[in-house]
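# Descriptive analysis of the structure
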Amino acid sequence: MKKILIMCLLSLSLWAAETNVYKVVYNSPVDKVLANILAKFATEQLVVVWQLDILDEFKAKGLDKKFGADFNTAGLTAVKTLVACNGMLGNGIINSDSDMMAFCPIRITLTEKDGKTSVLYARPTSAPKDSKAYPMLVKLEKKVISAIEASMEME
């Protein structure tokens, strides 16, 4: 009985490890991580079409005062997001299954706490596998994750 329970727990933990959100944490401030990602995205033809400092925007809208003690209880020092797309893959997705454009352009969110930056990316491979655009979504995901990981090798 113990063996069955252990097997079930191991299977459950492996299943839980799979997530639709890619996450990597770097021991660097958000501005350095963001600058490296932007530089690497440019070399990988991932065109950044929009950026937003979410935490600053919330403060500019007075949400810190509105929510008071309930504002940013996670204690994040920065929350930034960027939207990017690869033209070739984006066009292929449009042509194959335009509904899958919900996954392209992609969105990357960076959060900072205690000098460490988390890079968060919603994986487009969470899309329906029977979509004609799925192979291109797989390529896009690999391209983005590879660029994120390679960005911190830059100096």
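Check the entry above for the structure.
Since the structure is predicted, the reported quantities are computational estimates derived from the model, not experimental observations.

With that settled, consider the overall build of the chain. When helices and strands are tallied, the chain shows six helices and five strands. From first element to last, N terminus to C terminus, the chain shows the α and β order α-β-α-β-α-α-β-α-β-β-α. Per-residue burial over the chain gives 36% buried out of 155 residues. Residue pairs at least 24 apart in sequence account for 73% of intrachain contacts in the chain once pairs closer than 6 positions are excluded. Just so you have it, the chain exposes about 9700 Å², and 59% of that area is on carbon and sulfur atoms.

To continue, consider the sheet that holds strand E1 (residues 21–26). Read from one edge to the other, the open sheet built from five strands follows the order E1-E5-E4-E3-E2, with strand pairing classed as antiparallel. Each edge of the open sheet carries a strand with a single partner, namely E1 and strand E2 (47–53). For this sheet, the mean angle separating the axes of adjacent strands, direction not counted, is 20 degrees. In the packing of helix H2 (residues 30–43) onto the sheet, contacts are made with E1, E2, strand E3 (78–85), strand E4 (106–113) and strand E5 (116–122), and the angle to E3 comes to roughly 5 degrees.

With that settled, consider the environment of Glu 112. Within the element layout of this structure, Glu 112 appears in strand E4. On the basis of relative accessibility, which here comes to 12%, the residue Glu 112 falls in the buried class. Expressed as a C-alpha distance, the spacing of Glu 112 and Val 25, which sit 87 residues apart in the sequence, is 9.3 Å. Among all residues touching Glu 112, those that are not within four sequence positions of it are Pro 29, Val 30, Leu 76, Thr 77, Ala 78 and Thr 117.

Time to look at the packing of helix H5 (residues 87–97) against helix H6 (residues 134–151). With their axes 9 Å apart at the nearest point, H5 and H6 run at an angle of 160 degrees to one another. Viewed along their axes, H5 and H6 adopt a mutual orientation that is roughly antiparallel. Between H5 and H6 lies a crossing of left-handed hand. Facing H5, whose interface residues are Leu 89, Gly 92, Ile 93 and Ser 96, H6 presents Met 136, Leu 137, Lys 139, Leu 140 and Lys 143.

Our next topic: the nonpolar core. One finds Phe 41, Ile 108, Val 119, Tyr 121, Leu 140, Val 144 and Ile 148 to be the most contacted residues of the largest nonpolar core, which totals 32 residues. Elements that contribute at least two residues to this core include exactly E1, H2, E3, H5, E4, E5 and H6. Tallying contributions element by element places H6 first for this core, with seven residues. If near-sequence neighbours (up to four positions away) are discounted, Ile 148 is found in contact with Tyr 22, Val 24, Tyr 26, Phe 41, Ile 108, Val 119 and Tyr 121.

What counts as what
- Residues numbered from 1 in each chain as written.
- Predicted model: local features only at pLDDT ≥ 70, side-chain atom pairs only at ≥ 80, totals over all residues.
- Heavy atoms only, no water.
- Helix = DSSP H or I, 4+ residues; strand = E, 2+ residues; numbered from the N terminus.
- Buried < 20%, exposed > 50% of the residue type's maximum accessible area, 1.4 Å probe, protein only.
- Contact = heavy atoms within 4.5 Å.
- Areas by Shrake-Rupley, 256 points an atom, 1.4 Å probe, with all protein chains shown as cover.
- Pairing = 2+ DSSP bridges.
- Axes fitted to C-alpha atoms, helices over the stretch in contact; angles between N-to-C directions.
- Parallel < 35°, antiparallel > 145°, perpendicular 65-115°, else oblique.
- Left-handed = near helix turned anticlockwise from the far one by under 90°.
- Core = buried A, V, L, I, M, F, W, Y, C linked by side-chain atoms within 4.5 Å.

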